[in-house]
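# Close look at the chain arrangement
What follows is each chain in one-letter form.
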Amino acid sequence: MSAAEPRLELAGKARTLAALRGRLAHGHVLPLQHFAVAEWRRERAAVLARLGGDAELVFPLIVRSSAAGEDAASASQAGRFLSVANVADSEALAEAIDAVVAAYGPAAAQEESRVLVQPMLSAPRLSGVAFTRDPATGAPYRTVNYHIGADTAAVTAGKRAELQTLVYIAGAGEAIPAEFAVLDRCLDELESLFGVPALDVEFAIDQAGAVAILQVRALACPPGAAVDEALHAALDRISDKVAAGLRPHPFLFGPRTVFAVMPDWNPAEIIGLRPRPLALSLYRELVTDAIWAYQRDNYGYRNLRSFPLMVSFEGLPYIDVRLSFNSFVPRDVSPALAERLVAHYIGRLIAAPVLHDKVEFDIVFSCYDFTLRERLEGLDERGFSASERGALAESLRALTNNILRPDGLWRQDEARLVDLDRRYQALALAKLDPVARIYWLLEDCKRYGTLPFAGLARAGFIAMQILRSLVAVGVLDEDGLAAFMASVDTVGTRIGRDLAAMPRWQFLETYGHLRPGAYDILSPRYDEAPDLYFDFAQAANGPVPPPHKPFAPDDAMRAKIAGLLARHGLETDVDGLFAFLAGGIRGRERAKFLFSRNLSLALAEIGKLAAAHGLDRDDASHLDIRTIYELYVGSADIGSALRDGAAAGRARQKLAQRIVLPPLIYTQAHVRAFHFPPSEPNFVGRSRAQGTVSAADAGSDLAGKIVVVANADPGFDWLFSRRIAGFVTAYGGANSHMAIRAGETGTPAAIGVGERAFETYRRARALDLDCANRRIVAIQ
């Protein structure tokens, strides 16, 4: 736009589009006529004659709303009013105009509004809506939600199976897919013409690649810089880190890596996509820097000690998937076979990103079960010989036997929890200074808590894999699997019974350390806000949930399983197998319950330490736990160290909030432009639930509701005491805590629907959650 040309104004859909006609070099506006509602009322015949005399208005037409204030510069009322498409003739045109006018509501509101008439688009290649800023932060990201074809309603209604989403940083250049390059230049023009940095633009692209602008309106979002130098510098650093991962490593198998938020120790589920610095640093310290690798080595997998599993892209946590895949290779597998296996796993994930939260079930071979040899046959077409497949099966069988037999590794990890409990009691009573208490709570948490938990979690995964294989070979059906899961008496299932049976004080003494965000100091413990999470009066007056019904396989089932164990060389008997299956699942939940006690008390002590030096919990949430560790071994001024650490963490978090990255990164281009991959939810059970949508608000009545919660860890077990109809999470895998709890309680659930679909479901009025048909319908 030249300096002499005045800027355009967002003056309603009709006037805005009329002003844009002929002003765009990289887009166009379809022919149009518009008129006031008052004019339609006074001169109906004249308006129809004018429309009929416009040679550019060729049937079929679309009659669109242009309400007063609908698309003003300060706000938008997108989607509130009516449009009538595919108007075929003059008679239908008058009826369509009447319908659009009636949809405006009271006559007083109608008089200031207008009606817009345009030709229908002819077979566009794709259509959608583009935002020129991130609606959440105002950062200069462009988001293009689009649908193949002409159905823009599929975009605004959020039809999950049809909607695709492209996100890129403004100025991404060659990283932007070629088919959107002209649209990007058109968005630049629109920002310049209107002088408004945040726009919501409805568009279509025809078969020749030409862009038609269908609507321009203001996008309500926080203010953000048009050029964010700190953000671009951060993206440069992330890009360099990604580039390093795309090269071979002398001590790792596989030619390159993939970075992802859900595989393995899935940070998206446990700490979220943009955790506060304290939560991020605690998760690294307690699990992903070292403990994860010690456990894998202990259980017979490759030794990857000294390799941190999780990287931080400016505060956004990602799993190094090549490391994860290396860690699932048994240590006695030959280097040549290991190299090919890891390369195959990485290639499979890149080819099917929908599996990013199911890698252990659908990509990696990490243990032996009754279907392993049949599943390994799929490697034949990838060039793996029969002898290589047999060698892998033998290695996995030996590894699995070391874990599941009666004196197996999981029993040793279970025994270590006794030491954690004993040492916790000693630390709780010891007269230590606050820094020392925090340090030892966390050190014990690692050695006696998260390390055996990691082992028991592996046992729990293997238990689930064996159970699924029993279903696959016909020994169990889905009802039998559900009955077995319901028979496992875990900490989570006991909460409901104990809430009804225990006095309030005893319940809180037992479960009070739990919090919905285990690593989040801002998440209140149960005993800090008990009435927020539980209705004690209702629980005391209601029925006590029945005890668990033991699972007792009949003689025929026992004989089949005994035959399978003998045929597959698994070194246990039927009773021993079921003891392992139940013990692995139960032990994982007990270990999590116990280590979270250390972690929760450490967080409480950090809050007290911060308060003693003039900082609140929000300040403390921006600390790095290494600051506390440095205070333990040094003599620095505590107050200064905490204040400086919180200030530095706050600055880092402010930057992290503005960064948008995909759930999988496997090229440098993904740092600046990416499509959100499709996500296939993990449906639990075969039940169906229909209900209104509610956030996981502990202060609300959730009975009969379908609860939506982004990432749910064990601290959300209180949900199961609220008689919810079902729940949906953005993140989580088939073997996650909440998936297991849903199976135990028979609660319909969809785990890990993905970030974009989750937003659609969160905004819906109600959901139809049909687990049997693997289907979720959002009711607007």
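Everything below is about the structure printed above this text.
Residues numbered from 1 in each chain as written. Predicted model: local features only at pLDDT ≥ 70, side-chain atom pairs only at ≥ 80, totals over all residues. Heavy atoms only, no water.

Moving on, we get to the environment of Val-709. Along the chain, Val-709 turns up in strand S17 (residues 706-709). With residues up to four places along the chain from it excluded, the contact list for Val-709 reads Ala-696, Phe-716, Val-728, Thr-729, Ala-730 and Phe-758. (Helix = DSSP H or I, 4+ residues; strand = E, 2+ residues; numbered from the N terminus. Contact = heavy atoms within 4.5 Å.)

As a general point, the strands of a sheet are linked pairwise by backbone hydrogen bonds and lie either parallel or antiparallel. Here seven strands make up an open sheet; going across it, the order is S15-S19-S18-S17-S16-S20-S21 and the pairing mixed. Each edge of the open sheet carries a strand with a single partner, namely strand S15 (682-684) and strand S21 (775-779). Sheet twist, expressed as the average angle between the axes of neighbouring strands with direction ignored, equals 25°. Sheet analysis places strand S16 (residues 688-695) next to S17, joined by three bridges and oriented parallel. Within S17, the position partnered with Ala-695 by the bridge is Val-708. Against the sheet, helix H30 (residues 755-763) contacts S16, S17, strand S18 (726-729), strand S20 (766-770) and S21, and its axis sits at roughly 140° relative to S17. (Pairing = 2+ DSSP bridges. Axes fitted to C-alpha atoms, helices over the stretch in contact; angles between N-to-C directions.)

As for its placement among the helices and strands, Thr-450 is situated in helix H18 (residues 434-472). Of the residues examined, Thr-450 reaches a relative accessible area of 0% and is grouped as buried. Within the structure, Thr-450 has its side chain in polar contact with the backbone oxygen of Leu-286 (distance 2.7 Å). Other than its neighbours up to four places away in sequence, Thr-450 contacts Leu-286, Val-287, Ile-291, Cys-445 and Phe-595. (Buried < 20%, exposed > 50% of the residue type's maximum accessible area, 1.4 Å probe, protein only. Polar contact = N/O pair within 3.5 Å; in protein donor to acceptor, adjacent residues only side chain to side chain.)

Okay, the sheet that holds strand S14 (residues 673-675) next. Taken in spatial order, the six strands make up an open sheet running S9-S8-S5-S6-S7-S14, and their pairing is antiparallel. Each end of this open sheet is capped by a strand with a single partner; those strands are strand S9 (211-218) and S14. Averaged over all neighbouring strand pairs, the angle between strand axes comes to 15°, with direction disregarded. When strand S6 (residues 141-148) meets strand S7 (residues 164-169), the two strands line up antiparallel, connected through six bridges. Bridge assignment links Asn-145 to a residue of S7, and that residue is Thr-165.

Attention shifts here to the environment of Tyr-761. Secondary-structure assignment places Tyr-761 in helix H30. Sequence spacing of Tyr-761 and Ala-620 is 141 residues, and the spatial spacing of their C-alpha atoms is 33 Å.

A word on the nonpolar core. Residues Phe-325, Tyr-519 and Phe-580 are the most contacted members of the largest nonpolar core, which totals 152 residues. Here Tyr-519 is in contact with Ile-270, Ile-271, Ala-279, Leu-282, Tyr-283, Leu-286, Val-287, Phe-595, Leu-599 and Leu-603, once residues within four sequence places are set aside. (Core = buried A, V, L, I, M, F, W, Y, C linked by side-chain atoms within 4.5 Å.)

Moving on, we come to the environment of Leu-187. Examined against the element boundaries, Leu-187 turns out to sit in helix H7 (residues 181-194). Sequence separation between Leu-187 and Gly-209 is 22 residues, and the spatial gap between their C-alpha atoms is 15 Å. Every residue in contact with Leu-187, bar those within four places of it in the chain, is listed here: Ala-130, Thr-132, Arg-142, Tyr-168 and Val-201.

Moving on, we come to the packing of aromatic side chains. In total, this model carries 28 aromatic pairs according to the counting rule given. With a centroid separation of 5.5 Å and 70° between ring planes, the pair formed by Phe-325 and Tyr-345 is classed as edge-to-face. With Phe-325 in helix H12 (residues 321-327) and Tyr-345 in helix H13 (residues 335-351), this pair connects stretches of sequence that are 20 residues apart. Both residues of the pair, Phe-325 and Tyr-345, count as buried. An aromatic cluster of at least three residues, connected via ring pairs, comprises Phe-507, Tyr-511, Tyr-526, Tyr-533, Phe-534, Phe-536 and Phe-593. (Phe/Tyr/Trp six-rings, centres within 6.5 Å; stacked < 30°, edge-to-face > 60°.)

Further remarks concern the pattern of salt bridges. One pass over the structure, following the stated rule, counts 48 salt bridges. For the salt bridge of Arg-305 with Asp-297, the shortest nitrogen-to-oxygen distance reads 3.0 Å. On the basis of relative accessibility, which here comes to 29%, the residue Arg-305 falls in the partly exposed class. Taking the shortest distance from any N to any O, the salt bridge between Arg-411 and Glu-414 comes out at 3.5 Å. A residue pair is termed a helical-turn pair when its members lie 3 or 4 positions apart in one helix, as Arg-411 and Glu-414 do in helix H17 (residues 409-429) at three residues. Connected via shared salt-bridge partners are Arg-133, Arg-142, Asp-184, Asp-188 and Glu-191. (Salt bridge = Lys/Arg side-chain N within 4 Å of Asp/Glu carboxyl O.)

All right, on to the pairing of S16 then. Direction of pairing for S16 relative to S20: antiparallel, over a ladder of five bridges. Within the sheet, the bridge partner assigned to Ala-689 lies in S20 and is Leu-769.

Let us now look at unusual backbone geometry. In this model, Phe-59 is joined to Pro-60 through a cis peptide bond whose omega is 0°. The topology assignment puts Pro-60 in the loop between helix H3 (44-53) and strand S2 (61-66). The backbone of Ser-306 sits at a positive phi, close to 85°, despite the residue not being glycine. Examined against the element boundaries, Ser-306 turns out to sit in the loop between helix H11 (291-298) and strand S11 (310-313).

Glancing now at the packing of H18 against helix H27 (residues 625-633). Axis separation between H18 and H27 bottoms out at 9 Å; the angle between their running directions is 115°. In this structure, the crossing between H18 and H27 has a hand that is left-handed. Counting all contacts with H18, which are made through Val-435, Ala-436, Ile-438, Tyr-439, Trp-440, Leu-442, Glu-443 and Lys-446, the residues of H27 involved are Ile-625, Ile-628, Tyr-629, Leu-631 and Tyr-632. For the contact of H18 with H27, a count of residues per class yields eleven nonpolar, no polar and two charged. (Left-handed = near helix turned anticlockwise from the far one by under 90°. Nonpolar A, V, L, I, M, F, W, Y, C, P; charged D, E, K, R; others polar.)

Between helix H24 (residues 555-568) and helix H25 (residues 574-612), the least distance of the axes is 9 Å, while the angle of their chain directions is 90°. When the axis of H24 is compared with that of H25, the two are roughly perpendicular. Residues Arg-558, Ile-561, Ala-562 and Leu-565 of H24 form the contact with H25, whose own contacting residues are Val-574, Asp-575, Leu-577 and Phe-578. The residue inventory of the contact of H24 with H25, partitioned by class, reads six nonpolar, no polar and two charged. (Parallel < 35°, antiparallel > 145°, perpendicular 65-115°, else oblique.)

This paragraph deals with a nonpolar patch on the surface. Taken together, the side chains of Leu-432, Trp-440, Tyr-632 and Val-633 make up a nonpolar region of the molecular surface, amounting to roughly 350 Å² of accessible area. Position of Tyr-632 relative to the elements: it lies in helix H27. Overall, Tyr-632 belongs to the partly exposed group, its relative accessible area being 31%. (Patch = residues over 30% accessible without salt bridge, like charges linked within 9 Å, V, L, I, M, F, W, Y side chains within 5 Å. Areas by Shrake-Rupley, 256 points an atom, 1.4 Å probe, with all protein chains shown as cover.)

Glancing now at H30. When H30 is considered as a whole, its buried residues turn out to be Ala-757, Phe-758, Thr-760 and Tyr-761. End-on view of H30: buried residues confined to an arc of 160°, all on one side of the axis. In this fold, the buried residues of H30 make contact with S16, S17, S18, S20 and S21. (Arc of directions from axis to C-beta.)

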